[in-house]
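# Understanding the architecture of this molecule
The primary structure of each chain is shown beneath.
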Amino acid sequence: MVFEPPQRLVRALGETAPDGGAHWLERLPGAAREAVAVRGLTVERVQVPGGRSSLVVLVRTADGLPAVLKLAPARARPESERAALAHWNGLGAVRLLEPFASDGALLLERLHPDVSVRSLPEAKALLEASGTLRRLWVEPPAGDTAHVFETVAERTGRQAEAMRTGAAGDPEVEPLVSAALAAREELLAGPPEHRLLHGTFRQSKVLSAERMPWLAVGPDPVVGERAFDLARLVRDRVEDLVAQPSGAATTRRRVKRLAESLEIDQERLRGWTLFRAVESGVRARRVGRGRDAELLLEFASWL
């Protein structure tokens, strides 16, 4: 079996990894073969287009059980993902089949990789996605596992510094960056909650399953308030929102509706939505994804 990384993964690493992920990609085929051999797995195929931060391989266990083998570079924090999935234990999220592994690979239950909540009509998709997200918001683990997770303050602190650098001398984005940074400072002055969060939740991260209709995959877990997690869902299908003449009004209604349905303070959700949209937009500009940056920053200007 040739473990060829999908182009989506190669492009994403080229944008985000210091060396374009060249060292990890060079070692990936050998690491994948070793992970398959040590677990006695039978390979079906590499999932394409797959993820932006990992190689996803559809496999069967020695007992014939359909499963997924996931390999990610250390910078993608696979051990943090493992700890979160172990803590959720299948409640709202894909089940971890192998709690401990020395090679960093994740062996997961097989969902339906080509069927996500995003395939549903928008209103139904938001309903199902938010219901799934609600199940993930639990108390974080205590003890030895607790140190594995970043806090919202830590993650957004790094992002805030990158935003300042990326917007320096750019009058087009500086006002939005200033507003986003001010919102972050205000939100962190009184964080109301301490929950385990998915961290990168959106409609495409919720897949059809057998034991439950929908389960979340691909967390980059973080500990903090629920509004931070929900903020990424607010801007789902941003291209459709921007294309609508009533996009700004629709966005504000979405913030209100999601906040009310999940019992979250509307202003805190608006603030984190602003911060996360501006952060993503500035990052997209930095790596040359001009169209994505334009959509995200226009969306942010409505908040």
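Residues numbered from 1 in each chain as written. Predicted model: local features only at pLDDT ≥ 70, side-chain atom pairs only at ≥ 80, totals over all residues. Heavy atoms only, no water.

## Focus on the overall build of the protein chain
Heads up, the rule is: By the criteria applied, helices consist of DSSP H or I runs no shorter than four residues and strands consist of E runs no shorter than two, each listed in order from the N terminus. In this description the radius of gyration comes from C-alpha coordinates, and the expected globular size is given by 2.2 Å times residues to the power 0.38. Remark: exposure states derive from per-residue accessible area (1.4 Å probe, protein chains only) relative to the maximum for the residue type, with buried under 20%, exposed over 50%, and partly exposed in between. In what follows, a contact means two residues having at least one pair of non-hydrogen atoms within 4.5 Å. Each accessible area is a Shrake-Rupley result for a 1.4 Å probe, and residues are judged covered by the shown protein chains and nothing else. Under the counting rule used here, the positive set is Lys and Arg, the negative set is Asp and Glu, and His together with the chain ends is not counted. A charged residue contributes its charge at one atom only: NZ of Lys, CZ of Arg, CG of Asp or CD of Glu.
The secondary structure content of the protein chain amounts to 11 helices and 10 strands. Over its C-alpha trace the protein chain gives a radius of gyration of 19 Å, about what one expects of a compact globule, namely 19 Å for 303 residues. Its C-alpha atoms put the protein chain at 55 × 40 × 40 Å along the principal axes. In the protein chain, which comprises 303 residues, the share counted as buried stands at 52%. At a minimum sequence separation of 6, the contacts of the protein chain that also span at least 24 residues come to 69%. Taken as a whole, the protein chain presents about 14000 Å² of accessible surface, with 52% of it coming from carbon and sulfur. Side chains of the protein chain carry 43 positive and 41 negative charges; the gap between the two charge centres is 3 Å.

## A word on helix H9 (residues 247-261)
Stated formally: The span one expects for a helix is its residue count, reduced by one, times 1.5 Å. The arc in question is formed by the directions pointing from the helix axis toward the C-beta atoms.
The end-to-end C-alpha separation of H9 is 21 Å, in line with the 21 Å expected for 15 residues at 1.5 Å each. Among the residues of H9, Gly247, Ala248, Thr250, Thr251, Arg254, Val255, Leu258 and Ala259 are the ones counted as buried. Along H9, the residues classed as buried sweep out an arc of 160° about the axis, all on the same side. Where H9 is buried, its residues meet helix H4 (122-136), helix H7 (226-234), helix H8 (238-243), helix H10 (266-286) and helix H11 (290-301).

## Topic: unusual backbone geometry
The peptide bond linking Val48 to Pro49 adopts the cis configuration, its omega dihedral lying at 10°. Residue Arg77 is not a glycine yet carries a positive backbone phi of 55°. With respect to the helices and strands, Arg77 occurs in the loop between strand S3 (66-71) and helix H3 (78-88). Unusually for a residue other than glycine, Glu263 sits at a positive phi of about 55°. Structurally, Glu263 is set in the loop between H9 and H10. Its relative accessible area of 62% is what places Glu263 among the exposed residues.

## Notes on the environment of Val36
Within the element layout of this structure, Val36 appears in helix H2 (residues 22-39). Of the residues examined, Val36 reaches a relative accessible area of 11% and is grouped as buried. Counting along the chain gives 24 residues from Val36 to Arg60, while the straight-line C-alpha distance between them is 9.8 Å. For Val36, the residues in contact, after removing those within four places along its chain, are Phe3, Leu41, Val43 and Leu69.

## Things to note about the sheet that holds strand S5 (residues 112-116)
The line we're drawing: Pairing between strands is defined by DSSP: at least two bridges between the two strands are required. Axes, fitted as lines to C-alpha atoms, cover a helix only where it is in contact. Angles between the N-to-C directions of the axes lie from 0 to 180 degrees.
Spatial ordering of the open sheet is given by S5-S8-S9, a layout of 3 strands whose pairing is antiparallel. At either margin of the open sheet sits one strand with a lone partner, and together these are S5 and strand S9 (214-216). Across this sheet, the average inter-strand angle for adjacent strands is 55°, counted without regard to direction. Where S5 meets strand S8 (residues 206-208), 2 bridges bridge the pair, whose relative direction is antiparallel.

## Some remarks on the packing of H7 against H10
Using the following cut-off: Helix crossings fall into two classes, left-handed where the near helix is turned counterclockwise from the far one by less than a right angle and right-handed where it is turned clockwise.
Packing of H7 against H10 leaves a shortest axis separation of 8 Å and a crossing angle of 65°. Here H7 and H10 pass one another in a crossing that is right-handed. Residue-level contacts link Ala227, Phe228, Asp229, Leu230, Ala231, Arg232 and Val234 of H7 to Arg268, Leu269, Trp272, Thr273 and Arg276 of H10.

## Considerations on the sheet that holds strand S7 (residues 195-197)
Spatially, S6-S10-S7 is the arrangement adopted by the 3 strands of the open sheet, whose pairing is mixed. At either end of the open sheet lies a strand with only one pairing partner, and these are strand S6 (150-151) and S7.

## Notes on the packing of H7 against H9
The axes of two packed helices give the description: the angle between them and the distance between them. Applicable threshold: When describing relative orientation, an angle under 35 degrees is termed roughly parallel and one over 145 degrees roughly antiparallel, while 65 to 115 degrees is termed roughly perpendicular and anything else oblique. Following the grouping adopted for this structure description, the nonpolar residues are Ala, Val, Leu, Ile, Met, Phe, Trp, Tyr, Cys and Pro, the charged ones are Asp, Glu, Lys and Arg, and the polar ones are all others, Gly among them.
As a packed pair, H7 and H9 sit with axes 11 Å apart at the nearest point and diverge in direction by 140°. In terms of orientation, H7 and H9 fall into the oblique class. For the pair H7 and H9, the crossing hand works out as right-handed. Counted together, Leu230, Leu233 and Val234 of H7 and Arg254, Val255 and Leu258 of H9 form the full contact between these two elements. Split into classes, the residues belonging to the contact of H7 with H9 amount to 5 nonpolar, no polar and 1 charged.

## A short note on the packing of aromatic side chains
Rules: Each pair of aromatic rings taken from Phe, Tyr and Trp, with Trp reduced to its six-membered ring, is defined by centres within 6.5 Å and is described as stacked if the planes are under 30 degrees apart, edge-to-face if over 60, and tilted in the remaining cases.
Tallying each qualifying case throughout the model produces 3 aromatic pairs. Judged by centre distance (5.8 Å) and plane angle (90°), the rings of Trp272 and Phe275 are edge-to-face. Here Phe275 and Trp272 lie together in helix H10, a separation of 3 residues that amounts to about one turn. Judged by relative accessible area, which is 0%, Phe275 ranks as buried.

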